[in-house]
Amino acid sequence: MARITAGVTTSHVPALGAALDNNKLGEPYWARVFAGYDFSKEWIKKNMPDVVLLVYNDHASAFSLDIVPTFGIGCADSFQPADEGWGPRPVPVVKGHAEFAAHLAQSVIQQDFDLTIINKMDVDHGLTVPLSMMFGQPDAWPVRVIPIPVNVVLFPPPSGSRCFALGKALRKAVESFDQDLNVQIWGTGGMSHQLQGTRAGLINSPWDQKFIDRLISEPEELAKVPHLEYVREAGSEGIELVMWLIMRGALSSKVNLVHRFYHVPASNTAIGHLILENQQ
Amino acid sequence: MSLDKPYMDIPGTTIFDADQARRGYHLNQFCMSLMKAANRERFRADERAYLMEWPMTEEQREAVLARDWGLMVKLGGNVYFLSKLFSTDGKSFQYVAAQMTGSSQEDYAAMMLAGGRSPEGNRYIGEKK
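Rules behind the numbers
- Residues numbered from 1 in each chain as written.
- Chains lettered and ligands numbered in written order.
- Predicted model: local features only at pLDDT ≥ 70, side-chain atom pairs only at ≥ 80, totals over all residues.
- Heavy atoms only, no water.
- Axes fitted to C-alpha atoms, helices over the stretch in contact; angles between N-to-C directions.
- Helix = DSSP H or I, 4+ residues; strand = E, 2+ residues; numbered from the N terminus.
- Parallel < 35°, antiparallel > 145°, perpendicular 65-115°, else oblique.
- Left-handed = near helix turned anticlockwise from the far one by under 90°.
- Contact = heavy atoms within 4.5 Å.
- Nonpolar A, V, L, I, M, F, W, Y, C, P; charged D, E, K, R; others polar.
- Pairing = 2+ DSSP bridges.
- Buried area = accessible area lost by both parts, 1.4 Å probe.
- Salt bridge = Lys/Arg side-chain N within 4 Å of Asp/Glu carboxyl O.
- Polar contact = N/O pair within 3.5 Å; in protein donor to acceptor, adjacent residues only side chain to side chain.

> I keep staring at the packing of helix α7 (residues 205–217) of chain A against helix α10 (residues 242–249) of chain A and nothing clicks. Help me out?
Axes are the key here: two packed helices are described by the angle between their axes and the distance separating the axes. Residue and element names in this part refer to chain A. One way to put it is that α7 packs onto α10 with a least axis distance of 10 Å and a crossing angle of 20 degrees. Classed by the angle they form, the pair α7 and α10 counts as roughly parallel. Our pair here, α7 against α10, has a crossing hand that is right-handed. Of the residues in α10, those in contact with F211, I212, L215 and I216 of α7 are W244, L245, M247 and R248. A breakdown of the residues in the contact of α7 with α10 according to their chemical character gives seven nonpolar, no polar and one charged.

In structure tokens:
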């Protein structure tokens, strides 16, 4: 049986990818951010999953305004890094797991979550930056990845409680797959940031820290927080944090906190990163 | 009944909702077209001519030509779409965010290093700082 063993959350700021791709890790500004992931790179070597369900948002790369799926699932064998306007990131092709993804799609849809099935899609920094933060710069990614894109660009995104419930449905779906797979679920994006308007640059560290505390200890209550609070307190782009609730919903109600890191700033954004292990 | 928009009282913030997305459809789709290297070259060669191929408003075209990022957002642009335009220009998210706040990138970067813009006084329009 497949099982979810751990969850990871991380911001996916594009400048992190650019810092890595352009060899800027020696600069103190970036070194401070990447230091928060040193532990994680060692941890994941010892806890290497077979498959990562990677919850992220597309940033107008695979999806233009022609089609905007609220929840999707990538069912292809592979996904190419997207050209976001400066050429694709120099990172390996992302290998999917078509058979497992098809199983998850069928199971989750039968649990009343109407996922959009995606058989061809490029993946942007939202998906590749988290892989870089956890694995560095390998010639090939050491895991298979099932992309789970969530719309958080066109308002409104799905609610926190809907995201939390999707996590629960994903867990059931994983556990009904016959193959013996070690699965992790990653929730990416956030934390507080605003990239537009005269309020750009907003950071709310106390709110972010409380969000992390509650994500660990009382996620079901946290899931009730309305969109308006995210926007007002954590910035218009801080609303990406609803995706962390999908990760959390897929874990057990009690989890072991393995790693917690928070840092301001990376470019315009507060960086948050967690590793949570499931209590089986 | 019109859409409920409880976020309209947040200062300095344009929420990219269904109305904004409709207003900015062609502006944003123009930006998407710059994900192809060949289109970037054509755009650079004659920006005005390239923009005329898109049925956006003249005000939107002028905002693009002037690289008035704040105005593009007000006219329905979304920053993730606009990123294709500023990437074509070789500019970063931080450069554009600074432009939208009216600061130099240097001052903006210093504000971020000092912990970012505080939410205090920035939650509601008209709120006392």
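Let us keep going from here.
> How do you make sense of the sheet that holds strand β1 (residues 3–10) of chain A when you look at a structure like this?
Two orientations exist for strands paired in a sheet by backbone hydrogen bonds: parallel and antiparallel. Residue and element names in this part refer to chain A. Reading across the sheet, the six strands line up as β7-β2-β8-β1-β10-β9 and stay open at both edges, with mixed pairing between neighbours. Unpaired on one side and paired on the other, β7 (144–149) and β9 (255–266) mark the two borders of the sheet. Mean inter-strand twist for the sheet, computed between neighbouring axes without regard to direction, equals 15 degrees. Relative to the sheet, helix α2 (residues 28–35) contacts β9 and β10 (269–278), its axis offset from that of β9 by approximately 165 degrees.

> Is there a simple way to explain the interface of chain B and chain A in this structure?
A common measure of how large an interface is: the accessible area buried when the components associate. The partner chain A presents 41 residues to the 46 residues of chain B that form the contact. Summed over both sides, the interface between chain B and chain A buries roughly 3,800 Å², with carbon and sulfur atoms accounting for 60% of that surface. Counting across the chain B and chain A interface gives three salt bridges. A salt bridge links B:R40 to A:D83, with the shortest nitrogen-to-oxygen separation between them at 3.3 Å. The tally of links from chain B across to chain A stands at 26 residue pairs in polar contact (both at pLDDT 80 or more). Counting residues per element, the side of chain B that touches chain A draws most heavily on helix α7 (residues 79–88) of chain B, which supplies seven residues. Its residues placed into classes, the side of chain B that touches chain A shows 25 nonpolar, 15 polar and six charged.

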